[in-house]
Amino acid sequence: MKISLFATIFLSIMTLFTLLIARRFVRKLHFKQKTKNIIYIFLALNLFGVLGYMLARHNPSLPNWAYFLLSVPIGLIFLLFVATVFYELFSRILNATTISEKRRNFFKKSLDIGAVSIAGGINAKAMYNAKTVEIEKVKIKIKNLEQVYSIVQLSDIHIGGLIDKEFIANLVKRVNALNPDVVVITGDLVDVKLDYAKPALDELKNIKSNYGNYFCVGNHEYFHGLVPIINYINTLNFKTLENENVYIGQEDKGFNLAGVYDVFGYNIDAYKPDLKKALDGRLINNPTVLLAHQPKYVEEVKNVDLVLSGHTHGGQIFPFNYLVKLQQPYVKGLHQHNEETQIYINKGTGFWGPPMRLGASSEITHITLV
């Protein structure tokens, strides 16, 4: 029921955006009507693509080329809507200027051509950006840490659709090349039924680290069968931290690594995060690093040195990051939350929905604790 409601709301928003693009952007262009009609058809096909995506997003039997064609329209519509907002703004500024009608028409035609060209270029750039996963190197000072440790953080991989076995195999090679002490995945690893995700998940068995690999669940794991996913991941040379902690490193020179369930558990009144339980039995004289999928959980955190989160995708497509900021205290990067606790937010190693990123690259985070 919740998935159907989400799909209905999402499709309604995309339809509204498409209508606004058609009426407030395309209709005002100084183009021939035949050219405008082609753009209208393109917008209609995009809207049908969104509908197709909502129907097919949990059907991995779809070939990648078809999944790509169905998922791209979401990003195209969003970016064209943003372009429409800016076009409307500049059009009003132009109309308010006191210049001759001849000059106004010249500038209007220039604005039309420029707006369409820039919108097309930005969409192409966003699709190109999604192909690259960057390594973000971050050095974080931790009080009372007696030895340097390296952590590789992955997050929001969203296995399913275009995030397949080949993607994960390449990811594993890059992680192993960093020779990490610990590898952590901070949620939203799986975004499809477990049976379909297994071929890609199995590649994670090849990840190597000096002190182990750990996982905390994200909200998307709740959508696809939380317990079976946890149980399977625990067979892949990973341990899921379910409101619990482990000790990392050499005796008296290491740190506590804890993990909690996602705050989505509050919505279903099950598998809820419990910080007290997660920290129970830790070595209190050693620093503590906490895995918590959503950055907003930091508001509940006490007695923790560093929180590692994901969820936001860094906004994924600018300017969506400003909307994310309305729900989450931080969108990306390292922040000093208070005197006691720092938080780092991974922008996501994969992507959700359209294979597009703008202003927020996919990342493998290579953290050095000092």
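Refer to the preceding data block for the structure.
In this text the structure is predicted, and so the values were computed from the model without any measurement. (Residues numbered from 1 in each chain as written. Predicted model: local features only at pLDDT ≥ 70, side-chain atom pairs only at ≥ 80, totals over all residues. Heavy atoms only, no water.)

Participant: Quick question: what am I supposed to make of the layout of surface pockets here?
Facilitator: Taken as a whole, the second largest pocket holds about 380 Å³ of empty space. Ala 130, Lys 131, Leu 162, Phe 167 and Phe 351 are the residues nearest the centre of the second largest pocket, which is lined by 18 residues in total. When residues of the lining of the second largest pocket are traced back to their parent elements, those giving at least two are helix 3 (64-96), helix 4 (101-129) and helix 5 (165-177). No other element matches the five residues that helix 5 contributes to the lining of the second largest pocket. Tallied by class, residues from the lining of the second largest pocket come to 12 nonpolar, two polar and four charged. (1 Å grid on protein atoms, 1.4 Å probe; cavity = no way out; pocket = protein on both sides within 12 Å on 5 of 7 lines; lining within 4 Å. Points joined across faces, edges and corners; volume = space filled by probe spheres on them. Helix = DSSP H or I, 4+ residues; strand = E, 2+ residues; numbered from the N terminus. Nonpolar A, V, L, I, M, F, W, Y, C, P; charged D, E, K, R; others polar.)

Participant: Can you walk me through the pairing of strand 3 (residues 182-186) in this structure?
Facilitator: Along a regular strand, successive side chains alternate from one face of the sheet to the other. Burial runs high along strand 3: five of the five residues are buried. Neither face of strand 3 is exposed, since Val 182, Val 184 and Thr 186 on one face and Val 183 and Ile 185 on the opposite face are all buried. Across four bridges, the pairing between strand 2 (residues 149-154) and strand 3 is parallel. By the bridge assignment, Ile 151 is partnered in strand 3 with Val 182. A crossover links strand 2 with its parallel partner strand 3, the connecting element being helix 5, and its sense is right-handed. The pairing of strand 3 with strand 4 (residues 213-216) spans four bridges and is classified as parallel. If you follow Val 184 over to strand 4, its bridge partner there is Tyr 214. With helix 6 (residues 194-201) bridging strand 3 and its parallel neighbour strand 4, the resulting β-α-β unit is right-handed. (Buried < 20%, exposed > 50% of the residue type's maximum accessible area, 1.4 Å probe, protein only. Pairing = 2+ DSSP bridges. Right-handed = clockwise from strand over helix to strand, strands pointing away.)

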